[in-house]
Amino acid sequence: MLPSASLLAAPGMNNFFAVLKRHKIYRAGASFALVSSLLLAHGCTAGHEEPLCVLSPDAMPQSWRPSGEMQKRLNAAPWSAAETQDAEYAVKTGLRELNDLFSTRPTAVSTLGSDAVESAIDASYAASNMPALRNAARDLARRNLTPLMARYRERGPATVTCKEFPSLLPLTVHAHALLSPEDANVSAMVALTNAAYRACGSLDAVLGHDYRQILVAPNASTDDIWDLVMWSITFTDAQTIPGIELPAAARDLPPALWRYLQRYPFPRASAYPDGARNKTFYDTAYLATHIAYIPTGYGRYRIYIADAPGLYRFLRENFYAVLQMGELDLTAEFVDLFREYGCTEQNDLQLRDGTRYLLKLFHSAADRWMAYREPDEPADTGDYNIVHKAWTGMAGVRVRVPEPPAPHTYGGVVRGWLGDPR
C-alpha cells in the first residue's frame, strides 16, 4: 500500500522517493551505509527471539512498550463485541467510498492506473469471513481493470514498447486473478506483456540496471531497494500466470533480495530527536512495511517471525512511536502486518491500540476514511492520497483469514524458496 503494486504508470515500480513525494514526504533518502551505521550503533541482533502476540505491557519486551504518558492515554479495556461491529462497519464503508469515488470520477481510474485495481482487490484478500465484501471488492476491481486493459487491447502486441512493460505486467497479473481463464482478455494481456518484454530484450533493460550488482553493493540506496521490493512482488505474482515469458533472473530476484534484506538495517525511531517524524526513520518505516508484503502478497498470506526476525523487531519496537506520530496510513500498515503475523485485538495490545486509533480517526472524519486529513494536509490532497486512506484504513481494521499457500499460488511460490517455519 503506500504504493501497492504501482503508483504511476505501473503500480509499485516507480521511484521510491517519487512515491513518498506523492505521500507528502519531500525528503532525500538515506544511504544504506548511513542506516547501517545507525543499526550497528543501536544494536539489532537477529538471534534474540521475540514473542508473537502480547496483551499486557508488563509481558512485552521493554523496547516494545509505550511511554508512561502514552500508556495513560490508551484505553485499557478489553476489546468488545461492539468494537468488532464498528470495525466491520468501517471496512464496509471504506469499500463503498472506493466504489463511489471511481463511479463518480472515472478519470481517477486512468490517473491511478493499476492502483485503481489494487486498492479494490486488496480488500478481497484473506476475506473468506466476509464473502459479500470479498465479492464486491472483486467486482469493483474488475470494473476498474476493464478500461485499463482496453486501451492496450485496441492497439495490439505489435505496437507496445519496452517502456510499457512495467504497466502491462501488473494489469496482466490482475486479469489472471480476476477473470476466468477462458476470458479473451487474459490471453490478450499475456501476449501484450510478452511483446513488451521482447521489446526490452533483457531484464536489465526492464529494470534499468543489473539488480545483482545492487545486491552485492555495500551502499545500496533506499531508492534501489524499494524498486526491487516492488518488482519482487510483481514477479512473484507473474510466476502464477500460464504463458508469461519470465526470465530466470526475474524468478531469482525475490529470494536473492530477501537474503540481502536479512542484513538490511532498521533503525529505531528513538535513535532520533524527532522520533518517527525523522526523515530517515519515516522512509525506512514505509520500506519495512512493503518488505513484509513480499511474503504476504499484500495481506493474502501469513508472515512468520522466523522469516525475518529483524523486520519483526523493527515493527514491534517502533509501533508506539508511529502511533504517537499519528499518520493514518503508516499506522494502518503496521496494524495490518500484526494481523498477518496472526495476532488479533483479543490477544495483542499493539494491534488493539492501533485499531482503536484508526477507528477514532475514521469517526473524527464523519465516518469517512477519505474525508480524513492529516493536520498539515491540504483538503485537495489528490486522488491517490484520498484512495490510500480508505485502502490502508480498511486493511488496518479488517480481520483476516489467511489464504493457504497452495501450489501454483503466490503463497506457494514464496514458500517454495522461503520455507514454512511452522
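Residues numbered from 1 in each chain as written. Predicted model: local features only at pLDDT ≥ 70, side-chain atom pairs only at ≥ 80, totals over all residues. Heavy atoms only, no water.

### Considering the overall build of the protein
- Looking only at helices and strands, one finds 19 helices and 0 strands in the protein.
- Taking all 422 residues of the protein together, 59% fall into the buried category.
- Sequence separation of 24 or more characterises 77% of the internal contacts of the protein that already satisfy a separation of 6 or more.
- For the protein, the exposed area adds up to about 16100 Å²; of that, 55% sits on carbon and sulfur atoms. (Helix = DSSP H or I, 4+ residues; strand = E, 2+ residues; numbered from the N terminus. Buried < 20%, exposed > 50% of the residue type's maximum accessible area, 1.4 Å probe, protein only. Contact = heavy atoms within 4.5 Å. Areas by Shrake-Rupley, 256 points an atom, 1.4 Å probe, with all protein chains shown as cover.)

### Quick word on the side chain of D122
- Along the chain, D122 falls in the loop between helix 6 (114-121) and helix 7 (131-153).
- The side chain of D122 sits in the buried core without any salt bridge; R300 is the nearest counter-charge, 6.5 Å away.
- A distance of 3.0 Å separates polar atoms of two side chains, one belonging to D122 and the other to W391. (Lys, Arg positive; Asp, Glu negative; His and termini not counted. Salt bridge = Lys/Arg side-chain N within 4 Å of Asp/Glu carboxyl O. Polar contact = N/O pair within 3.5 Å; in protein donor to acceptor, adjacent residues only side chain to side chain.)

### Examining the environment of H176
- Checked against the element boundaries, H176 lands in helix 8 (residues 165-178).
- Relative accessible area serves as the criterion here: at 30%, H176 is assigned to the partly exposed category.
- Measuring from C-alpha to C-alpha, the distance between H176 and M189 comes to 9.0 Å, with 13 residues separating the pair along the chain.
- Apart from residues no more than four positions distant in its own chain, H176 is found in contact with T240, I241 and P242.

### With respect to helix 9 (residues 184-200)
- Look at helix 9: 25 Å from first C-alpha to last across 17 residues, which is about the 24 Å you get at 1.5 Å a residue.
- Extensive coverage of helix 9 is indicated by the burial of 12 of its 17 residues.
- Where helix 9 is concerned, the buried positions are N185, V186, A188, M189, V190, L192, T193, N194, A195, A196, Y197 and C200.
- Looking at the buried residues of helix 9, the elements they touch are helix 7, helix 8 and helix 10 (203-207).
- The backbone nitrogen of N185 has a side-chain oxygen 2.8 Å away, supplied by the residue at the start of helix 9, namely D183.
- Immediately beyond the C-terminal end of helix 9, within one or two residues, lies G201, with a positive phi of roughly 90°. (Expected span 1.5 Å × (residues − 1).)

### Some points on helix 7
- Compared with an ideal rise of 1.5 Å per residue, which puts 23 residues at 33 Å, helix 7 spans 32 Å between its outermost C-alpha atoms and is within 8% of the ideal.
- For helix 7, the set of buried residues is L133, A137, L140, A141, N144, L145, L148, M149 and Y152.
- Buried positions along helix 7 lie against helix 4 (81-104), helix 5 (107-112), helix 6, helix 8 and helix 9.

### A few points about the packing of aromatic side chains
- This structure, assessed with the given rule, holds 18 aromatic pairs.
- Ring centres of W231 and F235 lie 5.0 Å apart, and the angle between their planes is 25°; on these two criteria the pair is classed as stacked. Here F235 and W231 lie together in helix 12 (residues 222-238), a separation of 4 residues that amounts to about one turn.
- The exposure class of F235 is buried, given its relative accessible area of 1%.
- Both rings, one in Y293 and one in Y298, keep their centres 5.3 Å apart while their planes meet at 50°; by these two values the pair is tilted. Both residues of the pair, Y293 and Y298, belong to the buried class.
- Three or more aromatic residues joined by ring pairs make a cluster, and in this case those are Y264, F266, F281, F314 and F334. (Phe/Tyr/Trp six-rings, centres within 6.5 Å; stacked < 30°, edge-to-face > 60°.)

### Remarks on the packing of helix 7 against helix 9
- Between helix 7 and helix 9, the shortest axis-to-axis distance is 11 Å and the interhelical angle comes to 55°. With respect to each other, helix 7 and helix 9 are oriented oblique. The handedness of the crossing between helix 7 and helix 9 is left-handed. Across the interface between the two elements, M149, Y152 and R153 of helix 7 pack against A184, N185, A188, M189 and L192 of helix 9. (Axes fitted to C-alpha atoms, helices over the stretch in contact; angles between N-to-C directions. Parallel < 35°, antiparallel > 145°, perpendicular 65-115°, else oblique. Left-handed = near helix turned anticlockwise from the far one by under 90°.)

### Brief notes about the state of the cysteines
- What the rule picks out here adds up to 2 disulfides.
- In the protein, the cysteines engaged in disulfides, taken in order along the sequence, are linked 1-4, 2-3. (Disulfide = S-S within 2.5 Å.)

### Notes on unusual backbone geometry
- Notably, Y298 is not glycine yet its phi reads approximately 60°, a positive angle.
- Topologically, Y298 is positioned in the loop between helix 14 (279-296) and helix 15 (309-325).
- Relative accessible area serves as the criterion here: at 2%, Y298 is assigned to the buried category.
- Positive phi is not limited to glycine here, since A366 has a value of about 60°.
- Secondary-structure assignment places A366 in the loop between helix 17 (349-364) and helix 18 (383-397).
- The class for A366 is exposed, based on a relative accessible area of 61%.

Function cannot be read off these values alone, since they describe shape.
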